[in-house]
Structures are given as C-alpha cells and as structure tokens.
Amino acid sequence: GLRIVVDCAHGAATGLAPRVFSLLGATVTAMGSHPDGTNINVDSGSTSPGALARLVVESRADLGVALDGDGDRVIAVDEAGSLVDGDAILAICSEEMAGRGKLAGGGVVGTVMSNLGLELALRQAGLKLLRTPVGDRYVLDAMRLQGFRLGGEQSGHVIFLDHATTGDGILTAVQLCAIMAERNQRLSQLASVFQRVPQVLVNVEVADRAGVEDNEAIRAAVEQATLTLGKSGRVLVRPSGTEPLVRVMVEATDAGIAHSTAHRLAQVIQAELAR
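The model shown is predicted, which means the values in this text are computed figures rather than measured ones. (Residues numbered from 1 in each chain as written. Predicted model: local features only at pLDDT ≥ 70, side-chain atom pairs only at ≥ 80, totals over all residues. Heavy atoms only, no water.)

### So, the pattern of salt bridges
Okay, so step 1: What the rule picks out here adds up to 13 salt bridges.
Okay, so step 2: The residue Glu216 makes a salt bridge to Arg219 at a minimum N-O spacing of 2.7 Å. Placement of both Glu216 and Arg219 in helix 8 (residues 216–229) is noted, with a separation of three residues, approximately one turn of the helix.
Okay, so step 3: Residue class for Glu216 comes out exposed when judged on its relative accessible area of 56%.
Okay, so step 4: Here Arg219 falls in the partly exposed class, since its relative accessible area comes to 31%.
Okay, so step 5: When salt bridges that share partners are traced, they join Glu95, Glu96, Arg100, Glu182 and Arg183 into one network. (Salt bridge = Lys/Arg side-chain N within 4 Å of Asp/Glu carboxyl O. Helix = DSSP H or I, 4+ residues; strand = E, 2+ residues; numbered from the N terminus. Buried < 20%, exposed > 50% of the residue type's maximum accessible area, 1.4 Å probe, protein only.)

### Quick word on the pairing of strand 12 (residues 245–252)
Okay, so step 1: With respect to burial, strand 12 is a largely interior element, seven of its eight residues being buried.
Okay, so step 2: With seven bridges connecting them, strand 10 (residues 199–205) and strand 12 associate as antiparallel partners. Counterpart to Gln199 in the pairing with strand 12 is Glu251.
Okay, so step 3: As judged from the seven bridges shared by strand 11 (residues 233–239) and strand 12, these two strands associate in the antiparallel manner. (Pairing = 2+ DSSP bridges.)

### Examining helix 3 (residues 86–99)
Okay, so step 1: Taking 1.5 Å of rise per residue, the 14 residues of helix 3 would be expected to cover 20 Å, and the 20 Å separating its terminal C-alpha atoms lies within 8% of that figure.
Okay, so step 2: Most of helix 3 is tucked away: eleven of the 14 residues are buried.
Okay, so step 3: Looking only at helix 3, the buried set comprises Gly86, Asp87, Ala88, Ile89, Leu90, Ala91, Ile92, Cys93, Ser94, Glu96 and Met97.
Okay, so step 4: Sitting at the head of helix 3, Asp85 places a side-chain oxygen 3.1 Å from the backbone nitrogen of Asp87. (Expected span 1.5 Å × (residues − 1). Polar contact = N/O pair within 3.5 Å; in protein donor to acceptor, adjacent residues only side chain to side chain.)

### Some points on the sheet that holds strand 10
Okay, so step 1: Taken in spatial order, the three strands line up as 10-12-11 in an open sheet, and their pairing is antiparallel. Across the chains shown, the open sheet's two edge strands, defined by having one partner strand only, are strand 10 and strand 11. On average, each strand axis in the sheet is tilted by 15° relative to the strand beside it, whichever way the strands run.
Okay, so step 2: Lying on the sheet, helix 8 is in contact with strand 11 and strand 12; it crosses strand 11 at an angle near 160°. (Axes fitted to C-alpha atoms, helices over the stretch in contact; angles between N-to-C directions. Contact = heavy atoms within 4.5 Å.)

### So, the packing of helix 8 against helix 9 (residues 255–273)
Okay, so step 1: Where helix 8 meets helix 9, the closest approach of the two axes is 9 Å, and the angle between their N-to-C directions is 170°. In terms of their interaxial angle, helix 8 and helix 9 are classed as roughly antiparallel. Residues Ala217, Ile218, Ala221, Val222, Ala225 and Leu229 of helix 8 pack against Ile257, Thr261, Leu265, Val268, Ile269, Glu272 and Leu273 of helix 9.
Okay, so step 2: Along the lines of polarity and charge, the residues of the contact of helix 8 with helix 9 split into eleven nonpolar, one polar and one charged. (Parallel < 35°, antiparallel > 145°, perpendicular 65-115°, else oblique. Nonpolar A, V, L, I, M, F, W, Y, C, P; charged D, E, K, R; others polar.)

### Quick word on the pairing of strand 4 (residues 74–77)
Okay, so step 1: In strand 4, alternate side chains face the same way, and those of Val74 and Ala76 on one face and Ile75 and Val77 on the other are all buried.
Okay, so step 2: In this structure, strand 3 (residues 63–67) lies alongside strand 4, joined through four bridges in antiparallel fashion. Bridging from a neighbouring strand, Val65 pairs with Ala76 of strand 4.
Okay, so step 3: Linkage of strand 3 to strand 4, two consecutive antiparallel strands, is achieved through a turn of six residues, within which Gly71 is found at a positive phi near 80°.
Okay, so step 4: Taking the residues that link successive antiparallel strands as the turn, the strand 4-strand 5 (residues 83–84) hairpin has five residues, and the phi of Gly81 there is positive, at about 90°.

### Things to note about the state of the cysteines
Okay, so step 1: For the coordinates displayed, the defined rule picks out zero disulfides.
Okay, so step 2: Cys93 forms no disulfide, and the closest cysteine sulfur to it belongs to Cys177, at a distance of 10 Å. (Disulfide = S-S within 2.5 Å.)

Here it is as structure tokens:
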C-alpha cells in the first residue's frame, strides 16, 4: 500500500529493487535505473539523495529509498523530503525489535562515528549503544561476540543478523517499510524518535599523525573537553589512516559549543604537531 520512490544508483540493485517492492505490494517509481557501465553512483543513490528527495515531494510518495552502487547501503527520505540516515534507521528498527523481544544484547552496535543522538535515543528506550571502529567488519565482529542482532553505520550500512551477515540495502529498506505499514505511521513520525545532535568535524594537517596518541597536551585537552561536555556531548580525536591529518569530531546538544570545542582542540593539535 505504500508509494515508494526507489533510487538504484545505476548500480547492482537496478533490476531487483523495484521488483521486490512491487511484489510486496508497493506502488514503485524507479530512478537511477539506467546503468551504462560508467554512471554508477553519479548524482544518484545514497551518496547523492537530493534528486530523490525532490521527486518524493513532487510525486507525493510515502517515502524514498536510495541504495548505493553495490546495494549494501540505503538512505531513506521521508514524505517531506527529509533524510533518514543509518543512525535514524537503527533507532527506528531497534525500538520495533525491542518491542517484539527480538533485540538480543540489550541494544545496538554502532561505530565511533554514530551520532550521539542515536545513543541518547537508545538510552531513552532503556537500550545501549556499543561502539566499534569504523567499518562493517568491526560491527559484525562485535555483534557476534556480544550477542547483538542489530548493528550498522551512519552511512546506511545496516546488519540484521537474524536475516543476513552483511549489509543489504533492499533488506534494510523492506524492514523500514514493514514498520511503516504495520504501525500505519509516516516515516517522519517514526524518525522523530531520533534527534540528531550537532556535529562538527575539523581536519588538522600535521607532520606526524601517529604522534597524537602519545602527546600529553593533546590528551589533557581532550580529557578537559570531554569533562566539560559531560553527557550532553562527545569528543573523538583520531589520526587519518591514509593522510597526514588528525580528525577532530565534536558533538554537543548546543551547536555553538560543538563548534568552539572542536576548533579549540584543533588549535592545540596544530600547535603540538604542526607540519
């Protein structure tokens, strides 16, 4: 009964995703469904959902789903064109699974980049967020080790371990649509359980990115910032794996505080490790 716009990103899901949703009873409009061998992910899919959002609003669809080129990720768009990313999808699905007694482990596995809003939403529901390094393999390892059944990343790579051991954009979108249909609620209503916390990212060029981990001044600055933010914010400082950069991420319920804290930490790192 849902009207769904499916953006296939001119990729692997092109021949399958529209069929799946049609067979499940949805009225489907497909876009990003003309691969020519070179246009995969070009101005389409989960990394570029702008056109999808416009079409959802113009066609008065119930939602849009944007897959990525290889089909393992999905980003949704609600009826008003607002994005519903992987963190929001995890919040929605965890609440539903917990209500059905199917959320083993008492929570969800995310990564160090999962928005603080997901942690707060889970906490409100009496659930926990277990964080891992960035990467679906780390999420899956933690799920298996700790007995969790749901995990994923902000990018829309979500693992439902009762159904699959990898991310599957179509599977994730079907789970989301099923909740909408069963509850008879709009996606915007479901997504209201998740309130994104302002996040500021700053990249600092350094001479030795590995030096950040052993620098006392940087460690002290991070500890002070973490203490000041308390439960209303979060700090993550980590070296890039490939570039001469240290990445500073600060989340806080107050956007101004997030911004000032991130740039204050960036100044300390630059002073200590300048190229």
